[in-house]
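Next come the chains, spelled out residue by residue.
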Amino acid sequence: MGERKGQNKYYPPDFDPKKHSNLNRYHGTHALRERARKIESGILIIRFEMPYNIWCDGCKAHIAMGVRYNAEKKKVGKYYSTPIYEFRMKCHLCDQYFEIRTDPANSDYVIISGARRKEQRWNMEENEQIVTEDKNDIKRLNLDPMFNLEHETVDKEKAAALIPTLKELETAKSDWKDDYALNSMLRKQLRVNYTN
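In short, a report on the structure. Here the residue index of a chain counts from 1 through its sequence in written order. Residues qualify for local features only when their pLDDT is at least 70, as the model is predicted, and side-chain atom pairs are given and counted only at 80 or more; totals for whole chains, interfaces and linings, by contrast, use all residues. Only hydrogens and water are set aside when side-chain values are computed; all heavy atoms of the structure are taken into account.

### Here's the deal with the overall build of the chain
Secondary structure counts use DSSP, requiring at least four H or I residues in a row for a helix and at least two E residues in a row for a strand, with both numbered from the N terminus. Within the chain, the regular secondary structure consists of five helices and eight strands. In sequence order, the chain lays out its α and β elements as α-α-β-β-β-β-β-β-β-β-α-α-α. Overall, the chain is about 90 × 70 × 45 Å in size when its C-alpha atoms are taken along their principal axes. Taken over 196 residues, the chain has a buried fraction of 19%. Of the contacts formed within the chain by residues at least 6 apart in sequence, a portion of 30% connects residues at least 24 apart. Note that accessible areas follow from Shrake-Rupley with a 1.4 Å probe, and for residues the cover is restricted to the protein chains shown. As presented, the chain carries roughly 16200 Å² of accessible surface, and 52% of it is formed by carbon and sulfur atoms. Categorising residues by exposure relies on relative accessible area from a 1.4 Å probe, with only protein chains included: less than 20% of the type maximum marks a residue as buried, more than 50% marks it as exposed, and the intermediate range marks it as partly exposed. By definition, residues are in contact when any of their heavy atoms lie within 4.5 Å.

Right under this line is the structure:
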């Protein structure tokens, strides 16, 4: 496979390695070609993938997470030693431009203009999901014995309230305990339906 590498470049007769140093300088192009057409102003064209769902302000269309755009990337500042980049791209459905900036402090992206983020937050208690403890509560549980005792009594009350539901689930599950009998009963019913 070594013979397939692009090492055999054509060097014109007037190419001077002392004057040009490489073929890109000789041809007057950048190594990144079209991606570097605005490099003088500090802008590089990159392929940017949408980090979350957004709404375009121009056409009010939904743009899904993962949609890719050719974006202009430029460095706009620093957060400690981490550079902050801004990406400017055009909506594929209209002429609206939107700008997204990195937020290293929160490990996120922030929309600067041209679009708005689609909020998909929900309350875990409303959706009957397991509610995770807050970080401050976890810290207090480890440090404060009285808070820990109060928390244990609340947990015991919750467990006592859930015992009837757990017993109902156990009885419902015991009906399905013998898999072989249920499977054979189902096969018999299917055979009867198939022969009729």
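### Details of the packing of aromatic side chains
We call Phe, Tyr and Trp rings a pair once their centres come within 6.5 Å, taking the six-membered ring for Trp, and we label the pair stacked below 30 degrees between planes, edge-to-face above 60, and tilted otherwise. If you walk through the whole model with that rule in mind, you get five aromatic pairs. Considering the side-chain rings of Phe 48 and Tyr 109, the 5.9 Å spacing of their centres and the 85° angle between planes classify their relative orientation as edge-to-face. Linking Phe 48 in strand β1 (residues 44–49) with Tyr 109 in strand β7 (residues 108–113), this pair joins segments that are 61 residues apart in sequence. Phe 48 sits in the buried class, given a relative accessible area of 5%. With 6.5 Å between their ring centres and 55° between their planes, Phe 87 and Tyr 109 make a pair best called tilted. Pair noted here: Phe 87 is in strand β5 (residues 82–90) and Tyr 109 is in strand β7, with a separation of 22 residues, a long-range link. Among the residues examined, Phe 87 registers a relative accessible area of 6% and is labelled buried. Put simply, the rings of Phe 48, Phe 87 and Tyr 109 pair up and form one aromatic cluster. Charges are assigned to positions over rings by a cutoff of 6 Å between ring centre and Lys NZ or Arg CZ, combined with an angular limit of 35 degrees from the ring normal. We note Arg 117 situated over the ring of Tyr 52; from NZ or CZ to the ring centre the distance is 3.7 Å.

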